[in-house]
Amino acid sequence: MRIPIPLRRPFDGAGRAAVFLAVGGLVQFGALAVLAVPWLDGGPTRATSCLLALAVMTGVLGAACPVLTRAQRARFRAWLGVEIPVAGRSWSWRQVGYHLVAGPLIALGGALTLLLWAAAAVAATVYVWVWALPPDTRPAQVGYAVQAAYLTVAGLAGLYGAAWLSRALVRLDTRAATDRLGPSRAEVLEQRVEEVAASRAGVVDAADAERRRIERDLHDGAQQRLVSMAVNLGLAKVTLKDLPEEARQVIDEAHREAKEAIAELGNLVRGLHPAVLEDRGLDAALSGIAERTPLPVGLTVDLADRPAPTVEAVAYFVVSEALANVVKHARANRADVRVERRGGILLVVVTDDGVGGADPTGGSGLAGLAKRVASVDGTFSISSPVGGPTVVTVELPCAP
Amino acid sequence: MRAVIAEDSVLLRIGLVKVLETAGFDVVAETGDAEALLAAMEEHRPGLAVLDVRMPPGFTDEGVRAALVIRKQWPDTAVLLLSQYVEERYAADLLSGDTRGVGYLLKERVADVEEFIDALRRVAGGGTALDPQVVSQLLLRRHSDPLDRLTPRERDVLELMASGRSNAGIAEGLVVSESAVAKHINSILAKLDLPKADADHRRVLAVLRFLGVG
């Protein structure tokens, strides 16, 4: 005979749930019994002493908190296959709350449920008892078939209810334990933030490494080929003196275009990742930018050792972009760049004596700059009153 | 004069050999890395070494370091560094000490064959050839008070002077007469409190020393 699924469902795993609750009850009542220790031998009778004894025993339970938590985790793993996440701290009020309040209440519910299991099992099998017991000890009334039938039906209903209750309590216990014994919401968030920060740092580093790879590929590939082509065209210009005028013009033109292409590619590659930054660090790379800026730039770089490559790259692009902005918008006569380390901070300050009024939310490179700084958890601020001067300040974290 | 070349890009190396041969040099060795270059130096003792800054195995500044070794071990060999980027620090390394027979140019200058040959001959003859870009970087770095006293035109002259040009070369570059250049130079040397000097490379030496790299 097939039992219909709705009837069968509560019994799926009900046995395991019952055992789980029974073990839980033992652990919980064992723990609670500690509270009763002072009364084993009469114990205190005055209210204050009673309170003191309770407080002391609660303290003992609190101290045993890590052990109890381990026991509970083991119980969940062994009987339910549920892994309660490890909390950040081995001791917390949330855990004590579980061991002293939530756990015992659930255990009490478990005990009642087990009792129901037993009673329902006896009632459901009443006919067996009726026929198995010796005639003189048989309860007089159960002999009546109608009452016995009622009892059987009630027992079956009780079994059904007990199964359902067991599963509900297991779910409740799992929720309470996960909530109280596992990491708190704050801890989970904290951990998540750490993970996110680490993965973002990974992405930023990877992007940086990728720029470097592209720079190398262009430098050692396309750029070299272009230079060699320009050299050959230059040689042709010098050595092939007796060519017709038209041919000379074509060579001239090609030579000029090749040189322009080299210059364009050079700027592009430098924008990706300047080779000198990798070889010689910020000071050397920034002096290159300062030189290429078409206005006087004072440069002070005060670094005892080199920051991480990603931080170096961000600092480089901050200065590069800030100076480009100065040239484009500030109408300045000069600019000053200062880079120094203050503890765990790499401080980059770019100042100009221009007209000010720079808007960091505008379409200028400032917004992109701020994003780039944020990618390494740096801070970006700009002071640019109308009339000037403009000061861009960037702080980048770098391990001291 | 015998010359050796170290350049890891084969295409460019072929071009360089042709340019050097056009200029009348006898290329006795061409290598792709700094180590092979130093071996070739030992074997051939050439008068000129032309080398790339970025070479195997590290592709950073092997050329600069090799150039320093050459300057130290074979001081009579002229050294011309070629680089995709001209960076002042490499020049500062190279120029510390004696500036005779030293050149540092952007690779793309090779394409202007006649000018490049001119620079090659200047370096091989014990002169100096610095890329205009590096000179302006050097000037920028040390723009201290005495330099502020120079007029823009005098600054231009100083830059060309520092890149190793003769008076005639400067006059041609700025489209002025040679006597005007001489006047500017006298004025510069006076403003910078530098003693007058005869030979061209001594002027560069003086300028560079003033710039803080000599």
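Presented here is an overview of the structure given in this document.

Analysis parameters
Every chain's residues receive numbers from 1 upward, in the order its sequence appears when written. Numbering of ligands from 1 and lettering of chains from A proceed in the order in which they are written. Given that this is a predicted model, residues contribute local features only at a pLDDT of at least 70 and side-chain atom pairs are listed and counted only at 80 or more, while totals for whole chains, interfaces and linings are drawn from all residues. The side-chain numbers reported here are obtained from all heavy atoms of the structure, hydrogens and water having been left aside. Pairing between two strands is assigned when DSSP locates at least 2 bridges connecting them. In this text, helices come from DSSP runs of H or I with a minimum length of four residues, and strands from runs of E with a minimum of two, each type numbered from the N-terminal end. Helix axes are fitted to C-alpha atoms over the stretch in contact, other axes to C-alpha atoms as well, and angles between N-to-C directions run from 0 to 180 degrees. Contacts were defined at the residue level, with two residues in contact if any of their heavy atoms lie within 4.5 Å. The rule is short: rings of Phe, Tyr and Trp, with Trp giving its six-membered ring, pair when the centres are within 6.5 Å, and they are stacked under 30 degrees, edge-to-face over 60, tilted in between. Residue exposure (1.4 Å probe, protein chains only): buried if accessible area is under 20% of the type maximum, exposed if over 50%, otherwise partly exposed. Two thresholds decide whether a charge sits over a ring: the Lys NZ or Arg CZ must be within 6 Å of the ring centre and within 35 degrees of the ring normal. Buried area: the accessible area, evaluated with a 1.4 Å probe, that two parts lose upon being put together, summed over both parts. In the sections that follow, a salt bridge refers to a side-chain nitrogen of Lys or Arg positioned within 4 Å of a carboxyl oxygen of Asp or Glu. By the criterion applied in these results, polar contacts are pairs of N or O atoms within 3.5 Å in which, for protein atoms, one can donate a hydrogen and the other can accept it, and in which residues neighboring in sequence qualify only through two side-chain atoms. Any residue that is not Ala, Val, Leu, Ile, Met, Phe, Trp, Tyr, Cys, Pro, Asp, Glu, Lys or Arg is counted as polar, Gly included; the first ten are nonpolar and the last four charged. Residues enter a patch when their relative accessible area is above 30% and they make no salt bridge; the linking distance is 9 Å between like charges and 5 Å between nonpolar side chains (Val, Leu, Ile, Met, Phe, Trp, Tyr). A 1.4 Å probe and the Shrake-Rupley method give the accessible areas. Residues count as covered only by the protein chains that appear here. Here the nonpolar core consists of buried residues drawn from Ala, Val, Leu, Ile, Met, Phe, Trp, Tyr and Cys, with membership extended through side-chain atoms lying within 4.5 Å.

1. As for the sheet that holds strand S5 (residues 102–106) of chain B
Residue and element names in this part refer to chain B. Taken in spatial order, the six strands make up an open sheet running S2-S1-S3-S4-S5-S6, and their pairing is parallel. Every other strand in the sheet has two partners, leaving strand S2 (26–31) and strand S6 (128–130) as the edge strands with one partner each. Geometrically, the sheet is characterised by an average inter-axis angle of 20° between neighbouring strands, direction not taken into account. Along the sheet face, helix H1 (residues 10–22) touches strand S1 (2–6), S2, strand S3 (48–52) and strand S4 (78–83) and points at about 165° away from the line of S2. Helix H4 (residues 88–95) contacts S4, S5 and S6 of the sheet and is inclined by roughly 170° relative to S5.

2. Topic: the packing of aromatic side chains
Residues and elements named next belong to chain A. Counting across every chain of the model gives two aromatic pairs over all chains. A centroid spacing of 5.0 Å and a plane angle of 65° characterise the contact between Phe20 and Phe76, whose relative ring orientation is edge-to-face. Remark: Phe76 occurs in helix H4 (residues 65–80) and Phe20 occurs in helix H2 (residues 14–36); sequence separation between them is 56 residues. This pair shows no difference in class: Phe20 is buried, exactly as Phe76 is. Here Arg211 stacks its cationic end above the ring of Phe317, 5.1 Å away from the centre of that ring. Of note, Arg372 hangs over the ring of Phe317, and the distance from its end group to the ring centre comes to 4.2 Å.

3. Considerations on the interface of chain A and chain B
Bring the parts together and some accessible area is lost; that lost area is often taken as the interface size. Across the boundary between the two partners, chain A contributes 37 residues, which contact 35 residues of chain B. With both chains or domains summed, chain A and chain B bury close to 3,200 Å², and 53% of this area falls on carbon and sulfur atoms. On the surface where chain A and chain B come into contact, there are three salt bridges. Between Glu215 of chain A and Arg54 of chain B there is a salt bridge, with the nearest N and O atoms lying 3.5 Å from each other. Across the chain A-chain B interface, the total number found is five residue pairs in polar contact (both at pLDDT 80 or more). Counting residues per element, the ones that place at least two in the side of chain A that touches chain B are helix H8 (185–239), helix H9 (245–272), helix H10 (275–280), helix H11 (282–292) and strand S1 (297–302) of chain A. Looking at which element gives the most residues to the side of chain A that touches chain B, the answer is H8 of chain A, with 16 residues. Tallied by class, residues from the side of chain A that touches chain B come to 13 nonpolar, eleven polar and 13 charged.

4. Side note on the environment of Ala148 of chain A
You can see Ala148 of chain A is positioned in helix H7 (residues 145–181). For Ala148 of chain A and Val126 of chain A, which are 22 residues apart along the polypeptide, the C-alpha to C-alpha distance reads 6.5 Å.

5. Observations concerning the sheet that holds S1 of chain A
Residues and elements named next belong to chain A. Pairing in this open sheet of five strands is mixed, and the strands run S1-S2-S3-S5-S4 from one edge to the other. The open sheet has two free edges, formed respectively by S1 and strand S4 (379–383), since each of these has just one partner strand. With strand direction ignored, the average angle separating the axes of adjacent strands in the sheet is 10°. Bridge count for S4 against strand S5 (residues 390–397) is five bridges, and the pairing is antiparallel. Bridging across to S5, Phe380 finds its partner in Val394. Along the sheet, H11 makes contact with S1, strand S2 (335–342) and strand S3 (345–352), crossing S1 at roughly 175°. Sitting on the sheet, helix H12 (residues 309–330) is in contact with S1, S2, S3 and S5, with an inclination near 10° to S3.

6. With respect to a nonpolar patch on the surface
Residues and elements named next belong to chain A. A contiguous nonpolar surface patch, about 590 Å² in accessible area, is contributed by Phe29, Val101, Leu105, Leu108, Leu112 and Leu115. Structurally, Leu112 can be placed in helix H5 (residues 93–124). For Leu112, a relative accessible area of 54% translates into the label exposed.

7. Structural notes on the nonpolar core
Ranked by internal contacts, the top residues of the largest apolar core, which has 66 residues, are Leu396 of chain A together with Leu51 and Tyr104 of chain B. Here the element with the most residues in this core is H12 of chain A; it accounts for twelve residues. Apart from the residues within four sequence positions on either side, Leu51 of chain B is in contact with Ala6, Leu37, Gly63, Ala66, Ala67, Val79, Leu80, Leu81 and Leu82 of chain B.

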